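Each chain, letter by letter, is given below.
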Amino acid sequence: MPFFPAVLLALLAIPLIFASTSSSSNYHTVYQFEDGTFLENIAVRSNGDLLLTSPVKPIVYTLNPHSLYPSPSIIFEFPNATGTTGIAEVYPDVFAVVAGVLNPQNATTEKGSLCLWTVDVGHHEPVGKKVACVPESTGLNGATTLAGAPGTVLVSNSRLGGIYSINVHTGEVVLVVQDSLLEGTPENALGLGINGLRTHGHTVYFANSSKTFFGSIQLTSTVQTVGSIKTIATVPDGSNFTAYDDFALDGKGNAWITLHSHALVVVTPSGEQRIVLGGDGNTFLADPTSAAFGRGAKGGKETLYVVTGGIGISGGQIIAVDY
């Protein structure tokens, strides 16, 4: 979940300092919204098309980044909702999406409105199905799947400081873990705790936005926790970076993390990190919120797509980073 526009406007005046230097990655803008649309999360279909969520619109956009003139279109709109957050592919071309009534001023949601849906985009007319709602939640955020647990979606709760597992077949909702290390702190990032999450095998990686660290926790294939939460990296002390947001994992276990307000960093499994894009006064990324690797014959895994909130400019960006 992003830092919403009212707060992000104040963050734009903060200079960025980091102890590392940017890499020489090539990047370009695939598309930029002109209507103030704030982009929250991204997933990539097997054909290379992008799926995009927004906390200020109850829709999922689709966009072909290889088109001569890329342009987004609405692939599905959710009833009784005002915005969307997490998205994850559960089965080929079937995506789980979190939708609900979101408050753009304080990054909260109307209690009881948050639901997980599946959207099958493999049909000419996409088919949406409401899986389950979480009545007590005001902060469902990132979404991912777990190896060995077909049909199970993990969803972070940024307000509760926990992770739910939701079965897309039965609608069963289970609070898998709740821990103070996953909670937020009111002094930073609107109090958002655990935010983006991804899995590699049975390891769940996550970013805690307001506590400014990137960590992991082990789960079994039956979605049981094993061991304690591990801290892998932190936003450097004394820097003017504010918080990690969503991220993508590559095949080597490196995490490509969006970092407010204007950067993309890569963190190795050992916790070493460097700037890929942004920093050193480079404000090209207008509040990056999430990232995903390309798929399909044209995009390949040599391209990382980064989406942004677009605060201070006309709207959210879709940036292609070649690495």
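Details of the sheet that holds strand 10 (residues 115-120)
Then, number 1: Strands sit in the order 6-7-10-11 across an open sheet of four strands; the sheet is antiparallel. Strands with a single pairing partner mark the edges of an open sheet, and in this sheet they are strand 6 (83-91) and strand 11 (127-133). Pairwise comparison of adjacent strand axes, ignoring direction, gives a mean angle of 25° for this sheet.
Then, number 2: Pairing analysis gives six bridges linking strand 6 to strand 7 (residues 94-100), with the strands arranged antiparallel. Residue Thr-84 lies in a different strand from strand 7, and its bridge partner there is Ala-99.

A word on the environment of Pro-135
Then, number 1: Examined against the element boundaries, Pro-135 turns out to sit in the loop between strand 11 and strand 12 (140-145).
Then, number 2: When its relative accessible area of 54% is taken as the criterion, Pro-135 is described as exposed.
Then, number 3: Taking the C-alpha atoms as reference points, Pro-135 and Ser-113, 22 residues apart in sequence, are found 7.1 Å from one another.
Then, number 4: Setting aside its immediate chain neighbours within four residues, Pro-135 contacts Lys-111 and Gly-112.

Description of the packing of aromatic side chains
Then, number 1: For the structure shown, the criterion picks out 10 aromatic pairs.
Then, number 2: Judged by centre distance (5.4 Å) and plane angle (75°), the ring pair of Phe-78 and Trp-117 falls under edge-to-face. Residue Phe-78 is located in the loop between strand 5 (73-77) and strand 6, and its partner Trp-117 is located in strand 10; the two are separated by 39 residues in the primary sequence.
Then, number 3: Residue Trp-117 is classed as buried on the basis of its relative accessible area of 8%.

Some details on the pairing of strand 12
Then, number 1: Across the six residues of strand 12, five count as buried, placing the element largely inside the fold.
Then, number 2: Summarising the sheet, strand 12 and strand 13 (residues 152-157) pair through four bridges and their orientation is antiparallel. Bridge pairing links Leu-140 to Asn-157 in strand 13.
Then, number 3: The loop that links strand 12 with its antiparallel partner strand 13 comprises six residues; one of these, Gly-148, has a positive phi angle of about 85°.

Notes on the side chain of Asn-141
Then, number 1: Position of Asn-141 relative to the elements: it lies in strand 12.
Then, number 2: Only 2.8 Å separates the side chain of Asn-141 from the side chain of Ser-158, close enough to count as a polar contact.
Then, number 3: A distance of 3.1 Å separates a polar atom in the side chain of Asn-141 from a polar atom in the side chain of Asn-195.

As for empty space enclosed by the protein
Then, number 1: Tallied over the entire structure, the rule returns one cavity of 30 Å³ or more.
Then, number 2: Within this model, the largest cavity holds a volume of roughly 30 Å³.
Then, number 3: Across the lining of the largest cavity, the residue classes tally to five nonpolar, two polar and no charged.

Considering the state of the cysteines
Formally, a disulfide is one covalent bond, and it connects the sulfur atom of one cysteine to the sulfur atom of another.
Then, number 1: This structure, assessed with the given rule, holds one disulfide.
Then, number 2: One disulfide bridge connects Cys-115 with Cys-133, the sulfur atoms lying 2.0 Å from each other. Every disulfide takes its handedness from the sign of the S-S torsion; for Cys-115 and Cys-133 that torsion is 85°, giving right-handed. One end of the pair, Cys-115, is in strand 10; the other, Cys-133, is in strand 11, with 18 residues separating them in the sequence.
Then, number 3: By relative accessible area, Cys-115 is classed as buried at 6%.

Conventions adopted
Residues numbered from 1 in each chain as written. Predicted model: local features only at pLDDT ≥ 70, side-chain atom pairs only at ≥ 80, totals over all residues. Heavy atoms only, no water. Pairing = 2+ DSSP bridges. Helix = DSSP H or I, 4+ residues; strand = E, 2+ residues; numbered from the N terminus. Axes fitted to C-alpha atoms, helices over the stretch in contact; angles between N-to-C directions. Buried < 20%, exposed > 50% of the residue type's maximum accessible area, 1.4 Å probe, protein only. Contact = heavy atoms within 4.5 Å. Phe/Tyr/Trp six-rings, centres within 6.5 Å; stacked < 30°, edge-to-face > 60°. Polar contact = N/O pair within 3.5 Å; in protein donor to acceptor, adjacent residues only side chain to side chain. 1 Å grid on protein atoms, 1.4 Å probe; cavity = no way out; pocket = protein on both sides within 12 Å on 5 of 7 lines; lining within 4 Å. Points joined across faces, edges and corners; volume = space filled by probe spheres on them. Nonpolar A, V, L, I, M, F, W, Y, C, P; charged D, E, K, R; others polar. Disulfide = S-S within 2.5 Å.

Keep in mind these numbers describe shape, not what the thing actually does.
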